[in-house]
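This is what each chain is made of:
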Amino acid sequence: MARVIDVRDGRPSGAAHWAMVAAAVLVAAVIGIGLARGLAGPPATEAPAAGQAPAAPAAKPAPTKPPPVLPARTVLVDAAPADAEAALVDCRAPMQALTLALGPGAPLTVCAGATQVRQMGSMRSYLAQDGGRQWVLQVDTAGGEVLRVALQGRDGRAYACEGSDCAGVTLGRHDARGTRQVTLRSVALRAGGVTAEIGAEAASSAEARGPTASTGTAGAGTADAARAMVSARLAVGADDQLPGLACTGPTVAISAPDGASQKFCGQGGAGFDIADDGTRTYQFQDFEGRTLAVKLDAQHVITRVSYGPYACEGTACTGASMSAAEPDNDAAERSFFFGRTTLFEAGGSSKRAGLQLNGSLVLQGQP
Amino acid sequence: MTILRTSPRRLAALAASAAAALGAGSLSLSAQAAFVTLPVVSGSTTTLTACNPKNASGAQSPTLATCKVTGLPGSAAIPGYILRSSRTAAITVNGVNVGTLYDRVWCLGTGTTCNSTNTYILGARINLNANAWDPSGESFEINDLFRAIRSAASADVAYFMGTSGTSADTAPAFKYLEYTGRTLQGLNEPSGSGLTKTTNNGWANFRADTNADDPDGGNSPWSPWMLVRQVCPSGYNTTAQTQKIRLRQGGEEGQPPTALLTSAYVCN
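In this report, we go over the structure that sits alongside the text. (Residues numbered from 1 in each chain as written. Chains lettered and ligands numbered in written order. Predicted model: local features only at pLDDT ≥ 70, side-chain atom pairs only at ≥ 80, totals over all residues. Heavy atoms only, no water.)

1. Things to note about the pairing of strand E4 (residues 123-129) of chain A
All names here are of chain A.
Logical step 1: Most of E4 is tucked away, with six of its seven residues classed as buried.
Logical step 2: With five bridges joining them, strand E3 (residues 116-120) and E4 adopt antiparallel strand pairing. Paired with Val 117 across the bridge in E4 is Tyr 126.
Logical step 3: The loop that links E3 with its antiparallel partner E4 comprises two residues; one of these, Gly 121, has a positive phi angle of about 60°.
Logical step 4: Remark: five residues form the turn of the hairpin made by E4 and strand E5 (residues 135-142), two consecutive strands paired antiparallel; Arg 133 in that turn has positive phi of roughly 55°. (Buried < 20%, exposed > 50% of the residue type's maximum accessible area, 1.4 Å probe, protein only. Helix = DSSP H or I, 4+ residues; strand = E, 2+ residues; numbered from the N terminus. Pairing = 2+ DSSP bridges.)

What follows is the structure, given as structure tokens:
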């Protein structure tokens, strides 16, 4: 509801007085109309009847010139119930905007604090909670893939999607500082269709709970829709800035030509395998399932180094070396060294450099 | 003889479980010392197979040989197997390192070559520390380890307690494998379910109490080696796959039920 601006600061007499009052009322009306149009969004168009071409979109109305008395700043409208018109919210850094479309009303934008990162086994979760602690958004990933997105409200409303149903989520690459973004673009979540439980049991497989059961409530009142849409861009710090996730031992710096970089130390696991022909491959995985592998021939000479789709082979693996093998003991501790070792895109023989490795890794003794 | 102390709450739960096991006829007292077979289950529910369950006071038999083997694959206890893969991985709960998972793959074969039987044994064991992982300050306990297996093939299960020393190969466990089955439901999951669980042929369950600082007074920081044998015609994936081992704290002494999924070797 628009506010009526009271311009009275004295008592002008007669016609001048009523002219000023009329002007004030006119200004207030213009403000109210402009705000209502901005909140309602573009006018809906009727669906065309079968066999007919869609109607041409209605011409946009001419923009309303704001009256000069208003200061040039974001206007905060009196708050309406949460499931009705949205408030226009300006999230100033380091707060992050979460845009939530809940039900038929306009989207709600809330400001969340810094992204929290949680590691449970091989699952990494990114959490964002708004400052008023009304909403918690959680994105679960493993092996670079999205497992689940869940949104839980303090009022009991819960929405979630799983696996391939979570379209619109992107895990960005690390930049030169090792930071990255998790982007959600109109990700559709179902109300209560998949448990949106966030807490100690959130990491366990849904299969353990038997057939999928609705655990989310229908929400307050009857106005909640069957689904929600979430958009957000979550900033995630570098792993070495995250408690419990930083590399503490031997580390390899992996850098790309565009400046993107990350530290790799295989906290997710390390080991070896022996092929039928006696060749060995040593593998290191990080918490997100990315694997750095070193392959040796039967004479324990490095024949290939790979990291995802990037690799070098044979003599192209310059700067890669390792400690001597312990005779008849594949499970002994072994160290690997990388000095500006270049990995090439799409196979080891390509001359298109992709990544550079610098550092060392240690495979702990297996027995 | 090993006597394990327990809490009154645990006493009541054990009494209920033991009664259920005896009633279901699944408790074997024979002196078997070999793999036990878990066939593909056709029904929607399955009853866990007893190996060495705890009695009413929380104790286990030191002589019961059901499901138990006396060495790792490739030893005299399980001859004919060669090691193909081995890895270790930190077990991380709420960003805290609570222990280490050891994961291995053996196959029937000679030298470095698996033979044409495509018979593989996947083995895992856990070593926990006493790090506090939540505000309670308690250490993390693992009551159940679940391993992804081929759902359409029969599976043979066994466990090895270790012998002595500190290496992953031989360090001794102090609590035996209690139950096994083809399910993804563990202790108190769901609450009151006892030994009857929802069938899931794609997972092998191993129930063994592992804790470096156990509230029941009996610490066992090392679990037994938990082995599952299957025929895998397409071999196995030499890169550990995400979400293929599930570790669960079941609340045996009132701890909050907490589970995590981690990477592991798996048959193709």
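2. Structural notes on the interface of chain A and chain B
Logical step 1: Facing the 36 residues of chain A at the interface are 41 residues of chain B.
Logical step 2: In total, about 2,900 Å² of surface goes out of reach between chain A and chain B, with carbon and sulfur atoms giving 45% of it.
Logical step 3: Taken together, the links from chain A to chain B amount to one salt bridge.
Logical step 4: We note a salt bridge from Arg 84 of chain B to Asp 276 of chain A, for which the minimum N-O separation is 2.6 Å.
Logical step 5: For the interface between chain A and chain B, the tally reads 17 residue pairs in polar contact (both at pLDDT 80 or more).
Logical step 6: Top element by residues in the side of chain A that touches chain B is strand E13 (residues 269-274) of chain A. It accounts for six residues. (Contact = heavy atoms within 4.5 Å. Buried area = accessible area lost by both parts, 1.4 Å probe. Salt bridge = Lys/Arg side-chain N within 4 Å of Asp/Glu carboxyl O. Polar contact = N/O pair within 3.5 Å; in protein donor to acceptor, adjacent residues only side chain to side chain.)

3. As for the sheet that holds strand E13 (residues 203-210) of chain B
All names here are of chain B.
Logical step 1: With antiparallel pairing, the six strands of this open sheet are ordered in space as E3-E11-E13-E9-E15-E16. Since the sheet does not close on itself, it has two edges, and those belong to strand E3 (49-50) and strand E16 (258-267), each with one partner.
Logical step 2: Sheet topology places E3 next to strand E11 (residues 179-181); two bridges connect them, and they run antiparallel. Bridge pairing in E11 places Ala 50 opposite Tyr 179.

4. Side note on empty space enclosed by the protein
Logical step 1: This structure, assessed with the given rule, holds five cavities of 30 Å³ or more.
Logical step 2: Taken as a whole, the largest cavity spans an internal volume of roughly 100 Å³.
Logical step 3: If you trace the largest cavity, you find 14 residues lining it, with Gly 121, Ser 122, Gly 268 and Phe 287 of chain A together with Thr 262 of chain B closest to the centre.
Logical step 4: Among the elements that take part in the lining of the largest cavity, strand E5 (residues 81-93) of chain B stands out by supplying three residues, more than any other. (1 Å grid on protein atoms, 1.4 Å probe; cavity = no way out; pocket = protein on both sides within 12 Å on 5 of 7 lines; lining within 4 Å. Points joined across faces, edges and corners; volume = space filled by probe spheres on them.)

5. Remarks on the state of the cysteines
All names here are of chain A.
Logical step 1: A complete count under the given rule lists seven disulfides over all chains for this structure.
Logical step 2: The side chain of Cys 161 participates in a disulfide bridge whose partner is Cys 166; the two sulfur atoms lie 2.2 Å from each other. Disulfide Cys 161-Cys 166: torsion about the S-S bond near 120°, hence right-handed.
Logical step 3: Given the relative accessible area of 7%, Cys 166 is considered buried.
Logical step 4: Across a sulfur-sulfur distance of 2.2 Å, Cys 312 and Cys 317 are joined as a disulfide pair. (Disulfide = S-S within 2.5 Å.)

6. With respect to the packing of aromatic side chains
Residue and element names in this part refer to chain A.
Logical step 1: Taken as a whole, this structure holds nine aromatic pairs over all chains when the rule is applied.
Logical step 2: Residues Phe 272 and Tyr 282 carry aromatic rings whose centres are separated by 6.1 Å and whose planes lie at 45° to one another, so their mutual orientation is tilted. With Phe 272 in strand E13 and Tyr 282 in strand E14 (residues 280-285), this residue pair connects regions lying ten residues apart in the sequence.
Logical step 3: Among the residues examined, Phe 272 registers a relative accessible area of 1% and is labelled buried.
Logical step 4: Each residue in the set Phe 272, Tyr 282, Phe 284 and Phe 336 is aromatic and connected to the rest through ring pairs, giving one cluster. (Phe/Tyr/Trp six-rings, centres within 6.5 Å; stacked < 30°, edge-to-face > 60°.)

By themselves, these figures tell us nothing about what the structure is for.
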